[in-house]
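An overview of the molecular structure
In case you want the letters, here they are:
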Amino acid sequence: MQQACKIVIEPVFEANFQDSSYGFRPKRDAKQATEKVKKELYKNWYVVDADIQGYFDNINHEILLGLLNRRVSDRRVIKLCRQWLQAGVIENGKYYPTEKGSPQGGVISPLLANIYLHVLDSYWENHKELGVIVRYADDAVIVCRTRKDAELAFEHLKRIMTKLKLTLNPQKTKIVDMNKESFDFLGFRYQKFGKTKCGRKLPYMMPSKKAMKKVKDAIRVITSRKSAYEGLEQKVEKLNPLIRGWRNYFQHGNSTKRFKQLDEYVWMKLWRRVYYRQKQKKYREHVLYGFRKWYANSGIEYFYYPNKKRYGTVF
């Protein structure tokens, strides 16, 4: 039912959505959002890194239904959306009504979330002097030229959040000076360093520390010695989709150094798995030669393609 409703009303709202919104929209994705931020950082130096506290849990139902009413005249559709929003939850066998928030996991929830924050996008479209906003669902950054512009944008942002009955996270929302600091957005760390011939710093985007930790944790779980019943071939089958997906997402950034680190991490994890299983230190070189030979022909994917030559060579 939600999917059918989404198919009907999404084109109505999609025609009005702004170009600054990238999350959960047809033919738009996180890659486009991250590249847009990098492009704007070439000529701007201050960023308002905005984090909405508990966004999906704090959407006001009456405001959202009012926004739906502006574009949808069919009362039956509005009634359905109201019922979905107020469906409630059951915890430990007890029913609790939902007075605010959007049901996460629902097919229509991302569309409703975009409709709610379209107010923010439209306001910025009419006040371009405040800077360039890039939003992916509830994650947003505002790129400004000067600190004064960033402070003004911050004040306007707080004003709009108050009207929408939302709250900015005071610990995570901040103004970032790109001359000295960096910030994270959609898994990337943005930072300016290095100088061109004219003496200007350039923006770089690379996997963030949080993203690196997350993928290393996933690799550690797959290659752990607790799964002793699994052979190396089974581990490679599990690692390949992880490596391929992570590489495809981060390859358009300045990720070469991080990719090399991760390839080395995977190699060491699999090597330790073999070495500890053999438990014969005096035959270490023999075991290492056999492992290198196996690794070269294992079919494992690489984060950094040229590493295939490095790890595929048997000494």
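Basis of the calculations
- Residues numbered from 1 in each chain as written.
- Predicted model: local features only at pLDDT ≥ 70, side-chain atom pairs only at ≥ 80, totals over all residues.
- Heavy atoms only, no water.
- Axes fitted to C-alpha atoms, helices over the stretch in contact; angles between N-to-C directions.
- Helix = DSSP H or I, 4+ residues; strand = E, 2+ residues; numbered from the N terminus.
- Parallel < 35°, antiparallel > 145°, perpendicular 65-115°, else oblique.
- Contact = heavy atoms within 4.5 Å.
- Nonpolar A, V, L, I, M, F, W, Y, C, P; charged D, E, K, R; others polar.
- Buried < 20%, exposed > 50% of the residue type's maximum accessible area, 1.4 Å probe, protein only.
- Pairing = 2+ DSSP bridges.
- Phe/Tyr/Trp six-rings, centres within 6.5 Å; stacked < 30°, edge-to-face > 60°.
- Core = buried A, V, L, I, M, F, W, Y, C linked by side-chain atoms within 4.5 Å.
- Patch = residues over 30% accessible without salt bridge, like charges linked within 9 Å, V, L, I, M, F, W, Y side chains within 5 Å.
- Areas by Shrake-Rupley, 256 points an atom, 1.4 Å probe, with all protein chains shown as cover.
- Salt bridge = Lys/Arg side-chain N within 4 Å of Asp/Glu carboxyl O.
- Lys, Arg positive; Asp, Glu negative; His and termini not counted.
- Charge placed at Lys NZ, Arg CZ, Asp CG, Glu CD.
- Expected span 1.5 Å × (residues − 1).
- Arc of directions from axis to C-beta.

Re the packing of helix H3 (residues 61-71) against helix H5 (residues 109-125)
- At a minimum axis distance of 10 Å, the contact between H3 and H5 shows a crossing angle of 85°. Taken as axis vectors, H3 and H5 run roughly perpendicular relative to one another. Contact with H3, carried on its side by Ile63, Leu64, Leu67 and Leu68, involves Leu112, Ile115, Tyr116 and Val119 of H5 and no other residues of that element.
- Its residues assigned to classes, the contact of H3 with H5 comprises eight nonpolar, no polar and no charged.

Here we look at the pairing of strand S4 (residues 132-136)
- With four of five residues buried, S4 lies mostly within the body of the structure.
- Where S4 and strand S5 (residues 139-144) come together, five bridges link them in antiparallel fashion. Its bridge partner lying in S5, Ile133 is registered against Ile142.
- The turn linking S4 back onto S5 is made up of two residues, and Ala137 within it adopts a positive phi angle of 55°.

Considerations on the packing of aromatic side chains
- Per the stated rule, a full pass over the model turns up 23 aromatic pairs.
- Note on Trp267 and Tyr311: the rings are 6.3 Å apart at their centroids and 35° apart in plane angle, and the pair reads as tilted. Of this pair, Trp267 sits in helix H9 (residues 256-278) while Tyr311 is found in helix H11 (residues 307-311), placing the two residues 44 residues apart along the sequence. Each of the two residues, Trp267 as well as Tyr311, counts as buried.
- Measuring from centroid to centroid gives 5.6 Å for Trp271 and Phe291, while their planes differ by 45°, and the two rings are tilted. With Trp271 in helix H9 and Phe291 in helix H10 (residues 284-296), this residue pair connects regions lying 20 residues apart in the sequence.
- The exposure class assigned to Phe291 is buried, which follows from its relative accessible area of 2%.

Focus: the nonpolar core
- Formed by 47 residues in total, the largest nonpolar core has its most connected members in Phe183, Phe185, Tyr190, Trp246, Tyr295, Ile300 and Phe303.
- In terms of residue count, H9 provides more of this core than any other element does, nine residues in total.
- Not counting residues within four places of it along the chain, the set of residues in contact with Ile300 comprises Val236, Leu239, Asn240, Ile243, Val266, Leu270 and Tyr295.
- Of all hydrophobic cores here, the second largest spans 45 residues; its members include Val48, Leu65, Leu111 and Leu157.

Here's the deal with the sheet that holds strand S9 (residues 201-207)
- Taken in spatial order, the three strands line up as S7-S8-S9 in an open sheet, and their pairing is antiparallel. The open sheet terminates on both sides in strands that have one partner only, identified here as strand S7 (183-185) and S9. The average angle at which neighbouring strand axes cross in this sheet is 40°, direction not considered.

Let's talk about the pairing of S5
- Among the six residues that make up S5, five are buried, leaving the element largely enclosed by the rest of the structure.
- As defined by bridge partners, strand S1 (residues 46-51) adjoins S5 across six bridges and the pair is classed as antiparallel. Residue Asp49 lies in a different strand from S5, and its bridge partner there is Val141.

Some words on unusual backbone geometry
- One non-glycine residue, Asn92, lies in the positive phi region at around 55°.
- Residue classification places Asn92 among the exposed positions, given a relative accessible area of 84%.
- If you check the backbone angles, Ala137 has positive phi at about 55° while not being a glycine.
- Here Ala137 shows up in the loop between S4 and S5.

Digging into a positive patch on the surface
- Together, Lys39, Lys43, Arg145 and Arg200 make up a region of like positive charge exposed at the surface.
- In this structure, Arg145 sits in the loop between S5 and helix H6 (147-163).

Re helix H7 (residues 209-222)
- The first and last C-alpha atoms of H7 sit 20 Å apart over 14 residues, in line with the 20 Å expected at 1.5 Å per residue.
- Those residues of H7 lying buried are Ala211, Met212, Val215, Ile219 and Ile222. The arc enclosing the buried residues of H7, seen along the axis, measures out at 100°, which places them on a common side. Those residues of H7 that are exposed and angled more than 90 degrees off the buried face are Lys209, Lys210, Lys213, Lys214 and Val221.

Some words on the sheet that holds S4
- Pairing within the open sheet is antiparallel, and its four strands lie in the order S4-S5-S1-S6. Single-partner strands in this sheet number two, and they are S4 and strand S6 (174-177). Pairs of neighbouring strands in the sheet enclose a mean axial angle of 20°, with direction left out of account.
- In the packing of H5 onto the sheet, contacts are made with S4 and S5, and the angle to S4 comes to roughly 170°.
- Sheet strands in contact with H6 are S1, S5 and S6, and its direction is about 20° off that of S1.

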